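Take a look at the letters that make up each chain.
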Amino acid sequence: MEGVGLLLAIDPILDMIRTATNVAGQALIPVLVSARENLLDREAYATADGSSLDEPREAQAEQVPAAA
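Since the structure is predicted, the reported quantities are computational estimates derived from the model, not experimental observations. (Residues numbered from 1 in each chain as written. Predicted model: local features only at pLDDT ≥ 70, side-chain atom pairs only at ≥ 80, totals over all residues. Heavy atoms only, no water.)

**Looking at unusual backbone geometry**
So, point 1. The backbone of asparagine 38 sits at a positive phi, close to 60°, despite the residue not being glycine.
So, point 2. Note on placement: asparagine 38 falls in the loop between helix 1 (2-36) and helix 2 (42-47). (Helix = DSSP H or I, 4+ residues; strand = E, 2+ residues; numbered from the N terminus.)

**Here we look at the pattern of salt bridges**
Opposite charge on two side chains permits pairing when their charged atoms draw close.
So, point 1. Inspection of every chain in the model, using the stated rule, returns 2 salt bridges.
So, point 2. Across the pair aspartate 11 and arginine 18 runs a salt bridge whose closest N-O atoms are separated by 3.3 Å.
So, point 3. Exposure remark for aspartate 11: the relative accessible area of 33% places this residue in the partly exposed category.
So, point 4. Across the pair arginine 18 and aspartate 15 runs a salt bridge whose closest N-O atoms are separated by 3.8 Å. Of the two residues, arginine 18 and aspartate 15 both sit in helix 1, 3 residues apart, roughly one turn of that helix. (Salt bridge = Lys/Arg side-chain N within 4 Å of Asp/Glu carboxyl O. Buried < 20%, exposed > 50% of the residue type's maximum accessible area, 1.4 Å probe, protein only.)

**A closer look at the side chain of serine 34**
So, point 1. Mapped onto the secondary structure, serine 34 falls in helix 1.
So, point 2. Discounting chain neighbours no more than four positions away, the residues touching serine 34 are Leu39 and Leu40. (Contact = heavy atoms within 4.5 Å.)

**With respect to a nonpolar patch on the surface**
So, point 1. Taken together, the side chains of Leu6, Ile10, Ile13, Leu14, Met16 and Ile17 define a hydrophobic patch exposed on the protein surface, amounting to about 580 Å² of accessible area.
So, point 2. Examined against the element boundaries, isoleucine 17 turns out to sit in helix 1. (Patch = residues over 30% accessible without salt bridge, like charges linked within 9 Å, V, L, I, M, F, W, Y side chains within 5 Å. Areas by Shrake-Rupley, 256 points an atom, 1.4 Å probe, with all protein chains shown as cover.)

The structure is reproduced here in structure tokens:
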């Protein structure tokens, strides 16, 4: 029973590490595969800043009227 308390204390930290590793792999592997297959637009990849991800939300916010 003493080991259960230790496990409950350490497992959330280990879970965060497992999640971070999974997210990094899910982001990195497609980039490596596309670069190896010569499908990666290196100029677009080098200049990407993530701002284009916010544009659809801003456009949607303009289309939806505010609640009165």
